[in-house]
Amino acid sequence: MKVLFVDTVNPLIFNELEKNKILCDTAYNKTKNEISKIINQYEGIVIRSRFKIDKDFINAAKNLKFIARAGSGTENIDIHYARSKKIICFNAAAGNRQAVAEHALAMILSLLNNINHSDSEIRNGIWNREANRGTEISGKTFGIIGLGNNGMAFANLLKSFNVKILAYDKYRMSYPYQTNMQNIYKEADFISLHIPLSKETRYLVNDNFIRQFKKPIYLINTSRGKCVKTSSLVKGLKNKKILGACLDVLEQEKISYESLVVNNKMKDLKYLFDSKKTILTPHIAGWTKESDIKIAKIISEKIIKKLKTS
């Protein structure tokens, strides 16, 4: 069995596979086109978000038995086509759930208590208590959209804060805090997204979505940037339908999530940069030291189990 690593990952994966007599090669510096020309030599590939594994790439991978993504989302893999070719797709959805939940909570607490803003003021010689008076989350209602690994972990953290939790997950039949979107539109003070990026969820948060809320809301997005339409978010912030936004992901991210694409939407992006109503982080919610190890263990175990049962 030969496996090709095209993205850098925790070395634990590499080491565990080699312990099980799996030959591991790397192609960190090769382009997608270069990798396409050699992928037929391998039975497995390990990737994060460097490029899309599409139909053409899969067709070139004549001997591929599995695709392992060292992360939670799989939108950069054509899973349906891979499965039609009897290629197993692995991810590590549970690996970063605690990290994402803690980050989401940290962001909203920071925004509501003006922590970033007041810290900056103090460092510039300004001591202003009244202008930085905070808001408690206790007694408020959180609408969680998507109650998979990350959404459930976030709900578990919130339980000790005396909040009401409402959850909607289209693809689960029965789950805690279950309700419908109409109740979330009616009652929510906060909306937190914990959903994959798909045709259904692309620009889920748009003008129509925002206008349906009865009360002004705070938005938290630690899922994928393109789940939120930036222009609609900015409009919501300006007309106060949205009181604030905590964004670990942005619509303008490149596919690798390593940088932003500067384009004609930069005006709206600059508004988010300059606003005191936003907290922004560079796609690091699931990017902790602990989650790196958890993801590596999960991926290693799945690959080894697959090999032993095939």
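Our structure is the block above this text.
Residues numbered from 1 in each chain as written. Predicted model: local features only at pLDDT ≥ 70, side-chain atom pairs only at ≥ 80, totals over all residues. Heavy atoms only, no water.

### Notes on the nonpolar core
Then comes step 1: One finds Ile191, Leu193, Phe209, Phe213, Leu233 and Leu272 to be the most contacted residues of the largest nonpolar core, which totals 27 residues.
Then comes step 2: Elements that contribute at least two residues to this core include exactly helix H8 (181–187), strand S8 (190–193), helix H9 (207–211), strand S9 (217–221), helix H10 (230–238), strand S10 (242–247) and helix H11 (266–274).
Then comes step 3: If we ignore the near neighbours within four places in the chain, the residues touching leucine 272 are Thr230, Leu233, Val234, Leu237, Leu247, Leu250, Thr278 and Leu280. (Core = buried A, V, L, I, M, F, W, Y, C linked by side-chain atoms within 4.5 Å. Buried < 20%, exposed > 50% of the residue type's maximum accessible area, 1.4 Å probe, protein only. Helix = DSSP H or I, 4+ residues; strand = E, 2+ residues; numbered from the N terminus. Contact = heavy atoms within 4.5 Å.)

### Section: the sheet that holds strand S11 (residues 278–280)
Then comes step 1: One open sheet accounts for six strands, arranged S7-S6-S8-S9-S10-S11; its pairing is parallel. Whereas interior strands pair on both sides, the edge strands pair on one side only; in this sheet they are strand S7 (164–168) and S11. Taken over all neighbouring pairs, the strand axes of this sheet differ in orientation by 15° on average, direction set aside.
Then comes step 2: Note: strand S6 (residues 141–145) against S8, four bridges, orientation parallel. (Pairing = 2+ DSSP bridges. Axes fitted to C-alpha atoms, helices over the stretch in contact; angles between N-to-C directions.)

### Side note on the layout of surface pockets
Then comes step 1: Each pocket or cavity is described by its volume, and for the second largest pocket that value is around 210 Å³.
Then comes step 2: Around the second largest pocket, the lining residues are Leu111, Leu112, Asn114, Arg133, Gly134, Thr135, Tyr218, Leu243, Gly244, Lys276 and Lys277.
Then comes step 3: Of all the elements in the fold, those that place two or more residues in the lining of the second largest pocket are helix H5 (97–112) and S10.
Then comes step 4: Here the residues of the lining of the second largest pocket are counted per class, giving four nonpolar, four polar and three charged. (1 Å grid on protein atoms, 1.4 Å probe; cavity = no way out; pocket = protein on both sides within 12 Å on 5 of 7 lines; lining within 4 Å. Points joined across faces, edges and corners; volume = space filled by probe spheres on them. Nonpolar A, V, L, I, M, F, W, Y, C, P; charged D, E, K, R; others polar.)

### Focus: empty space enclosed by the protein
Then comes step 1: Tallied over the full model, the rule gives two cavities of 30 Å³ or more.
Then comes step 2: By volume, the largest cavity amounts to about 50 Å³.
Then comes step 3: As for the largest cavity, its lining consists of Asn221, Gly225, Val228, Thr230, Leu233, Leu247, Val249, Leu250, Glu251 and Leu272.
Then comes step 4: Looking at side-chain class alone, the lining of the largest cavity contains six nonpolar, three polar and one charged residues.
Then comes step 5: Counted as a void, the second largest cavity has a volume near 30 Å³.

### Considering the sheet that holds strand S1 (residues 2–5)
Working definition: the strands of a sheet are paired by backbone hydrogen bonds and lie parallel or antiparallel to each other.
Then comes step 1: Spatially, the five strands line up as an open sheet ordered S2-S1-S3-S4-S5, and their pairing is parallel. Only two strands of the sheet have a single neighbouring strand rather than two, namely strand S2 (23–26) and strand S5 (88–90). Put simply, the sheet's adjacent strands are angled 20° from each other on average, direction ignored.
Then comes step 2: In terms of strand pairing, strand S3 (residues 44–47) meets strand S4 (residues 66–69) through four bridges, oriented parallel. When the sheet's bridge partners are listed, glycine 44 is paired in S4 with phenylalanine 66.
Then comes step 3: Along the sheet, helix H12 (residues 289–309) contacts S3, S4 and S5; its crossing angle with S5, the most-contacted strand, is approximately 160°.

### Concerning a nonpolar patch on the surface
Then comes step 1: A contiguous nonpolar surface patch, about 220 Å² in accessible area, is contributed by Leu260, Phe273 and Leu280.
Then comes step 2: Here leucine 260 shows up in the loop between S10 and H11. (Patch = residues over 30% accessible without salt bridge, like charges linked within 9 Å, V, L, I, M, F, W, Y side chains within 5 Å. Areas by Shrake-Rupley, 256 points an atom, 1.4 Å probe, with all protein chains shown as cover. Salt bridge = Lys/Arg side-chain N within 4 Å of Asp/Glu carboxyl O.)

### As for helix H1 (residues 11–19)
A turn of α-helix holds 3.6 residues, and therefore any two residues three or four places apart point the same way.
Then comes step 1: Capping the start of H1 is the job of one residue whose side-chain oxygen sits 2.9 Å from the backbone nitrogen of leucine 12: asparagine 10.
Then comes step 2: Backbone geometry just after H1 places lysine 21 at a positive phi near 60°. (Polar contact = N/O pair within 3.5 Å; in protein donor to acceptor, adjacent residues only side chain to side chain.)

### Re the pairing of S3
Then comes step 1: Taking every second residue as pointing to the same face, both faces of S3 are buried, with Gly44 and Val46 on one and Ile45 and Ile47 on the other.
Then comes step 2: Sheet topology places S1 next to S3; three bridges connect them, and they run parallel. By the bridge assignment, valine 3 is partnered in S3 with glycine 44.
Then comes step 3: This β-α-β element, S3 to helix H3 (residues 55–60) to S4, shows right-handed connectivity. (Right-handed = clockwise from strand over helix to strand, strands pointing away.)

### A look at unusual backbone geometry
Apart from glycine, the bulk of residues carry a negative phi angle, and the bulk of peptide bonds sit in the trans form.
Then comes step 1: Look at asparagine 114: it is not a glycine, yet its phi comes out positive at around 55°.
Then comes step 2: Here lysine 240, not a glycine, exhibits a phi torsion of approximately 65°, which is positive.
Then comes step 3: Here lysine 240 falls in the exposed class, since its relative accessible area comes to 55%.

Function-wise, these values are silent; they only describe arrangement.
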